Amino acid sequence: MSQLDESQLAPATRLAHGGHSPDANDGSVVPAWQPSATFARDDNYALRDARYNYARYDTPSWHPAESMLASLEGAQDARLFASGTAAGAAIVQALGRGDRIVAPRVMYHGLRAWMIEYCAQWGLQLDFFDAAEASSLERTLKAAPMAMLWIETPNNPTWDVIDIEAAVALAHAAGARVVVDSTVATPLLTQPLALGADLVFHSATKYLNGHSDVVAGAAACRENDAFWQRVVAIRGSQGAVLGSFEAWLLQRGMRTLSVRVRAACDNALTIARHFEHHERISAVLYPGLSSHPGHAVAARQMRGGFGGMLSLRVAGGREAALAAATRCRVFLPATSLGGVESLIEHRASIEGPDSPIPGDLLRLSVGIEAVEDLIADLEQALSA
Ligand SMILES: *Cc1c(COP(=O)(O)O)cnc(C)c1O
């Protein structure tokens, strides 16, 4: 059988095949799980495969998911980490003392809190811009020299859309690297590297794995340069690495990414349209609605859908929002996102007292259930 040229295949096909051809020895269609922590040398005391010495640095278990991600993102290299946070931390830690980072004011709160603490302690400068205000990024970028622009789009939990190409042009003119947290967009809906970003980052806990049963992270680079090599070296030396079984589960989850993302996008758009003019809802935040301020950019930047994440602002305010979240039966009242099951979350309660998130906001991670069940569940929760 002649080899297929992978690059000629659509992302859905590449994913379904899992970055793996049938094993040459036994024909297995699924890659093996390789739990070995160490790798024996041959008669010349040489490594049999130069990549594998000790599993904190590299293991065959990581490669199916890494090669699928590199292929989808058009990346020269992709690497797994113990969590999205570990991947993000390695990227920030690859910067030097005195370097300046610019990031959105509303972004994934855990990483934001870590960045604030890390930058203060280790002498990096951190400045925030307002992704909902057109001139804020340019103003913040121009205020001082900078090393890195960190963006998240659509960003959590208002789903403001940042124009990656425009942000890259501004940041590159200032000599800065651009990192995109593309967790919510997934590699199917947006390809940040093709839009000029230098690094792309995912919490693989979310859509990539898709079954809420693995905590994992991933990062990929447009160019395998010295900065990227530093990120990879930090993974090995600090040891925030993914267990081999979790990596195996992740590659299994990724095989169905295209059908899961399509179903979640379709359901989210249907829910957003249903509640857009609802008496109990004061606003629906979803980039797929033409009323959303980021819709025009999203329509250009996102292909095949606007994602499975949306937020509802409840007309009755904080108490009504909390009560509705508690009354849902199909939507589970849990944090996280990107799983096959729908989740609902009162974001301000999760983030705590210093959260910039309004108290009337409910964040929905829309799963792949029948959309009529999801709508009926929200209707009963809001009407009580
Ligand atoms: C969950 C999440 C993270 C953090 O990833 P972990 O895997 O939980 O460490 C970062 N960014 C976004 C957008 C997320 O949703």
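Residues numbered from 1 in each chain as written. Predicted model: local features only at pLDDT ≥ 70, side-chain atom pairs only at ≥ 80, totals over all residues. Heavy atoms only, no water.

**Some points on the sheet that holds strand β4 (residues 148–152)**
Note the threshold: Any two strands with at least two DSSP bridges between them are considered paired. In DSSP terms, a helix is any run of H or I states spanning at least four residues, a strand is any run of E spanning at least two, and both are numbered starting from the N terminus. Simply put, an axis is a line fit to the C-alpha atoms, just over the touching stretch for a helix, and the angle between two N-to-C directions goes from 0 to 180 degrees. Whether two residues touch is decided by their heavy atoms; if any such pair falls within 4.5 Å, the residues are in contact.
In spatial order, the strands read β1-β7-β6-β5-β4-β2-β3; together these seven strands make up an open sheet with mixed pairing. In the strand order of this sheet, the two ends are held by β1 (77–81) and β3 (125–129), each with one partner. Looking at each pair of strands side by side, their axes are set apart by 20° on average, direction ignored. Across five bridges, β4 lies against strand β5 (residues 177–181) in parallel orientation. Residue Met148 lies in a different strand from β5, and its bridge partner there is Arg177. Lying over the sheet, helix α8 (residues 226–238) contacts β1, β4, β5, β6 (199–203) and β7 (217–221), oriented at roughly 25° with respect to β1.

**Considering the environment of Ala321**
How we decide: Accessible area is worked out with a 1.4 Å probe on protein chains only. A residue is then buried under 20% of its type maximum, exposed over 50%, and partly exposed in between.
One can find Ala321 in helix α12 (residues 317–327). Judged by its relative accessible area of 0%, Ala321 is buried. Sequence separation between Ala321 and Asp360 is 39 residues; the distance between their C-alpha atoms is 5.4 Å.

**Here we look at the site of the ligand**
The test is simple: Throughout, the term near means that a residue has one or more heavy atoms lying within 4 Å of the molecule or strand in question. We call two N or O atoms a polar contact when they sit within 3.5 Å, provided that within protein one can donate a hydrogen and the other can accept it, with sequence-adjacent residues counted only if both atoms are side-chain atoms. Accessible surface area values rest on a Shrake-Rupley calculation with a 1.4 Å probe, where residue burial reflects the displayed protein chains alone. Three classes are used: nonpolar for Ala, Val, Leu, Ile, Met, Phe, Trp, Tyr, Cys and Pro, charged for Asp, Glu, Lys and Arg, and polar for all others, with Gly counted as polar.
Inspection of the region around the ligand gives 13 residues, with Thr85, Asp181, Ser203, Thr205 and Lys206 positioned closest. Take Ser203: an N or O atom from its side chain is 2.8 Å from an oxygen atom of the ligand. Side-chain polar atom of Thr205 to an oxygen atom of the ligand: 2.7 Å apart, as the coordinates give it. Considering the ligand on its own, with 380 Å² of exposed area, one finds that the protein chains cover 93% of that surface. Of the residues assigned to the shell around the ligand, the class counts are three nonpolar, seven polar and three charged.

**Remarks on the packing of aromatic side chains**
Spelled out, the test is: Working definition: rings of Phe, Tyr and Trp (its six-membered ring) pair if their centres are within 6.5 Å, and the pair is stacked with planes under 30 degrees apart, edge-to-face with planes over 60 apart, and tilted otherwise.
Inspection of the entire model under this criterion finds six aromatic pairs. Consider the rings of Trp114 and Tyr118, whose centres lie 4.8 Å apart with planes at 20°: the pair is stacked. Highlighted residues: Trp114 and Tyr118, both in helix α4 (residues 109–122), separated by four residues, approximately one helical turn. With a relative accessible area of 22%, Trp114 lands in the partly exposed category.

**Quick word on helix α14 (residues 371–383)**
Rules: One fewer than the residue count of a helix, multiplied by 1.5 Å, yields its expected span. Comment: arc refers to directions from the helix axis out to C-beta atoms.
Spanning 13 residues, α14 covers 18 Å between terminal C-alpha atoms, matching the ideal 18 Å at 1.5 Å per step. When we look at burial in α14, the residues that qualify are Val371, Leu374, Ile375, Asp377, Leu378, Ala381 and Leu382. For α14, the angular spread of the buried residues around the axis is 160°, confining them to a single face. Looking at the buried residues of α14, the elements they touch are α10 (257–275), β8 (281–285), β9 (309–314), α12, β11 (343–346) and β12 (361–365).

**Quick notes on the nonpolar core**
Within soluble globular proteins, side chains that are nonpolar tend to cluster in buried spots. Rules: For our purposes a nonpolar core is just a set of buried Ala, Val, Leu, Ile, Met, Phe, Trp, Tyr and Cys residues, chained together by side-chain atoms within 4.5 Å. Where a domain begins and ends is set by an automatic assignment or by a domain database.
By size, the foremost hydrophobic cluster in this structure holds 86 residues, and its most contacted members are Leu149, Ile271, Leu310 and Leu364. Composition of this core by domain shows at least three residues from each of domain 1 (6–254) and domain 2 (257–383). In this view, Leu310 contacts Trp159, Ala268, Ile271, Ala272, Val284, Leu285, Tyr286, Leu362, Arg363, Leu364 and Val366; residues no more than four positions away in its chain are not counted. Counting residues in each nonpolar core, the second largest holds 31 residues, with Ala147, Trp150, Trp228 and Ile234 among its members.

**Here we look at the sheet that holds β12**
Spatially, β8-β9-β12-β11-β10 is the arrangement adopted by the five strands of the open sheet, whose pairing is mixed. Strands with a single pairing partner mark the edges of an open sheet, and in this sheet they are β8 and β10 (332–333). Strand direction decides the pairing type here: β10 and β11, joined by two bridges, are parallel. From the neighbouring strand, Pro333 faces β11, where its bridge partner is Ile344. Sheet contacts for α10: β8, β9 and β12; angle to β9, the most-contacted strand, approximately 20°.

**Re the environment of Ala143**
Secondary-structure assignment places Ala143 in the loop between α5 (136–142) and β4. Put simply, Ala143 and Asp127 are 16 residues apart on the chain and 9.7 Å apart in space, counted from C-alpha to C-alpha.

**Here's the deal with unusual backbone geometry**
For the peptide bond that leads from Thr153 to Pro154, omega is -10°, which places it in the cis range. With an omega dihedral of -5°, the bond running from Asn156 to Pro157 counts as a cis peptide bond. Turning to its location among the elements, Pro157 is positioned in the loop between β4 and α6 (164–173). Phi at Trp159 is positive, roughly 60°, even though this residue is not glycine. Among the secondary structure elements, Trp159 is positioned in the loop between β4 and α6.

**As for the domain arrangement of the chain**
This is how it is decided: Here the quantity called buried area is the total loss of accessible area, with a 1.4 Å probe, experienced by two parts when brought into contact, counted for both. What counts as a salt bridge is simple: a side-chain nitrogen of Lys or Arg found within 4 Å of a carboxyl oxygen of Asp or Glu.
Domain boundaries assigned for the chain yield domain 1 (6–254) and domain 2 (257–383). Using only C-alpha atoms to locate each centre, domain 1 and domain 2 end up separated by 26 Å. Counting residues at the interface gives 38 residues for domain 1 and 35 residues for domain 2. Contact between domain 1 and domain 2 buries roughly 2900 Å² in total, counting both sides, with carbon and sulfur atoms accounting for 61%. For domain 1, the biggest contributors to the area lost against domain 2 are Trp159, Leu189 and Tyr207; these three give 27% of the whole. Inspection of the region where domain 1 meets domain 2 yields one salt bridge. One salt bridge connects Asp163 with Arg300, and the closest N-O pair in it is separated by 3.4 Å. Across the domain 1-domain 2 interface, the total number found is 17 residue pairs in polar contact (both at pLDDT 80 or more). Secondary structure elements with two or more residues in the side of domain 1 that touches domain 2: α1 (11–16), α6, α7 (186–189) and α9 (244–254).

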